[in-house]
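Structure assessment
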Amino acid sequence: MVTALRQNGLWFIIYTVDHEPAHVHVYGVGEARIDIVTLKVLTQGGLSDRDARRALAVVEESRDAFLETWRKYHG
């Protein structure tokens, strides 16, 4: 697991052994998975809608860095 970023009280993690599509796991009070390419929330478990929107904005602004990290481990 790689902690790609910590921001706004949220942890953005890419697992080194994971599956497509390219996505980031977001943890705070709850969790979510966000598709890095389409910028869609794939799953949301307990993460508030507000935090999910904040997480989505962070993924969007750091999209290139997240994709680079994903490709480093998944090709």
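The structure contained in this document is the topic of the report that follows. Only a predicted model underlies this, so the values are computations on that prediction, with no experimental measurement involved.

It is worth spelling out the sheet that holds strand 3 (residues 23–28) at this point. With antiparallel pairing, 5 strands are arranged side by side in an open sheet as 1-2-3-4-5. Strands at the two margins of the open sheet, each flanked by one partner only, are strand 1 (2–7) and strand 5 (41–45). On average, each strand axis in the sheet is inclined to that of its neighbour by 20°, with strand direction left out of account. With 3 bridges connecting them, strand 4 (residues 30–35) and strand 5 associate as antiparallel partners. For Ala32, the partnering residue across the bridge sits in strand 5 and is Gln44. Strands in contact with helix 1 (residues 49–61) are strand 1, strand 2 (10–14), strand 3, strand 4 and strand 5; relative to strand 2, the strand with the most contacts, it is inclined by about 55°. Against the sheet, helix 2 (residues 63–74) touches strand 1, strand 2 and strand 3, its axis set at about 35° to strand 2.

Here we take up the packing of aromatic side chains. Two aromatic rings, taken as a pair, are described by how far apart their centres are and by the angle between their planes. Tallied over the full model, the rule gives 1 aromatic pair. Centre to centre, the rings of Phe12 and Phe66 are 5.9 Å apart; their planes meet at 40°, and the pair counts as tilted. In this pair, Phe12 is assigned in strand 2 and Phe66 in helix 2, connecting sequence segments 54 residues apart. Here Phe12 falls in the buried class, since its relative accessible area comes to 0%. Phe66 sits in the buried class, given a relative accessible area of 3%.

Parameters at a glance
Residues numbered from 1 in each chain as written. Predicted model: local features only at pLDDT ≥ 70, side-chain atom pairs only at ≥ 80, totals over all residues. Heavy atoms only, no water. Pairing = 2+ DSSP bridges. Helix = DSSP H or I, 4+ residues; strand = E, 2+ residues; numbered from the N terminus. Axes fitted to C-alpha atoms, helices over the stretch in contact; angles between N-to-C directions. Contact = heavy atoms within 4.5 Å. Phe/Tyr/Trp six-rings, centres within 6.5 Å; stacked < 30°, edge-to-face > 60°. Buried < 20%, exposed > 50% of the residue type's maximum accessible area, 1.4 Å probe, protein only.

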